[in-house]
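Coordinate analysis (summary)
Spelled out from the first residue to the last, the chains are:
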Amino acid sequence: MHHTTPQAGELTRRLRAAGCVFAEDEARLLSRTARDAAELAEMTARRIAGHPLEHVLGWAGFAGLRIAVDPGVFVPRRRTEFLVRCAAAGAPGTGEPVLVDLCCGTGAVGAALLAALGGRGELHAADLDPAAVRCARRNLPVPAHHVHRGDLFAALPDRLRGRIDVLTANVPYVPTADIPLLPPEARDHEPRPALDGGPDGLALLRRVAAAAPDWLAPGGTLLTETSSRQAAPAARILADAGLEAAVSTDPELSATVLTARRPRS
């Protein structure tokens, strides 16, 4: 549905007044997504009230894909596209690699990784949050892919133990004390467990690192995102678990990714 310019101008003005930095882009997206004037009014009211744009639209653009995003589910961030690029670069070049996406949220990372590999691979995604699992099932249609509900590795079928080629785990890494400093749309509308990484932001990473060597195939890699200031302690955690850890950064996306390989012998 497209609206005439005066309406679009008014919509942009209202969004800008509410503090939306990219008001013009948002007005265009809302106008295109709404099916009628009533829905546009309702969507605009939610956005002005501070709901994340992606929750209002019902989708997010991620690595060239359109990912369904339900209210209350963590919104995939553009910087996480770097995690996908690193994971694709480290994946086996042939065959059907076993791919696992823990803390999968919408399933965006798994969907984008599979797309980057040309659809090659057996993908398993897992999350503890039932809303995230429902959303991931929409983005990763069965029967080709498996979405499991549960706590980290406990969610996975035991037959994957020692067989995972690429393990992405975009664990929460915001230190608990920093949660109040987050933008209100994240703080008020995204699930706290998807943001809160414990006292130093690395609590979930410690749990993943401790179990990962049992689940990775020899030569398999674990990839996770962190902040630049947490990169060194995070790399130490991975090294202490017996993994060969390296830090990669993408300044353009302000993204920091840790790649940790299980030694082959």
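Presented here is a report on the structure given in the accompanying data block. (Residues numbered from 1 in each chain as written. Predicted model: local features only at pLDDT ≥ 70, side-chain atom pairs only at ≥ 80, totals over all residues. Heavy atoms only, no water.)

Some details on the layout of surface pockets
The gaps of empty space that remain are located by a probe, the size of a water molecule, rolled over the atoms. What the second largest pocket holds in volume is close to 170 Å³. Looking at the second largest pocket, it is lined by 11 residues, and the ones nearest its centre are Gln7, Leu11, Arg14, Leu40 and Thr44. Secondary structure elements with two or more residues in the lining of the second largest pocket: α1 (5–17) and α3 (37–48). Per-element tally for the lining of the second largest pocket: the top contributor is α1, with 5 residues. Looking at the lining of the second largest pocket, its residues break down into 5 nonpolar, 4 polar and 2 charged. (1 Å grid on protein atoms, 1.4 Å probe; cavity = no way out; pocket = protein on both sides within 12 Å on 5 of 7 lines; lining within 4 Å. Points joined across faces, edges and corners; volume = space filled by probe spheres on them. Helix = DSSP H or I, 4+ residues; strand = E, 2+ residues; numbered from the N terminus. Nonpolar A, V, L, I, M, F, W, Y, C, P; charged D, E, K, R; others polar.)

So, the pattern of salt bridges
Within this structure, the stated rule accounts for 15 salt bridges. One salt bridge connects Arg79 with Glu225, and the closest N-O pair in it is separated by 3.2 Å. Within this pair, whereas Arg79 is found in the loop between β2 (65–68) and α5 (81–90), its partner Glu225 is found in strand β7 (residues 216–226), the two being separated by 146 residues in sequence. Judged by relative accessible area, which is 30%, Arg79 ranks as partly exposed. (Salt bridge = Lys/Arg side-chain N within 4 Å of Asp/Glu carboxyl O. Buried < 20%, exposed > 50% of the residue type's maximum accessible area, 1.4 Å probe, protein only.)

Observations concerning the packing of aromatic side chains
Per the counting criterion, the structure on display carries 1 aromatic pair. With a centroid separation of 5.6 Å and an interplanar angle of 25°, the aromatic rings of Phe153 and Trp215 are classed as stacked. In this pair, Phe153 is assigned in the loop between β5 (146–149) and β6 (164–169) and Trp215 in helix α9 (residues 203–215), connecting sequence segments 62 residues apart. There is no split in this pair, since Phe153 and Trp215 are both buried. Over the aromatic face of Trp59 sits the side chain of Arg66, whose NZ or CZ is 3.9 Å from the ring centroid. (Phe/Tyr/Trp six-rings, centres within 6.5 Å; stacked < 30°, edge-to-face > 60°. Lys NZ or Arg CZ within 6 Å of the ring centre and 35° of its normal.)

Describing the packing of helix α2 (residues 23–33) against α3
Here α2 crosses α3 at 140°, and the two axes come no closer than 9 Å. Our pair here, α2 against α3, has a crossing hand that is right-handed. Only Glu39, Leu40, Met43, Thr44 and Arg47 of α3 make contact with α2, whose side of the interface consists of Glu26, Leu30, Ser31 and Thr33. (Axes fitted to C-alpha atoms, helices over the stretch in contact; angles between N-to-C directions. Left-handed = near helix turned anticlockwise from the far one by under 90°. Contact = heavy atoms within 4.5 Å.)

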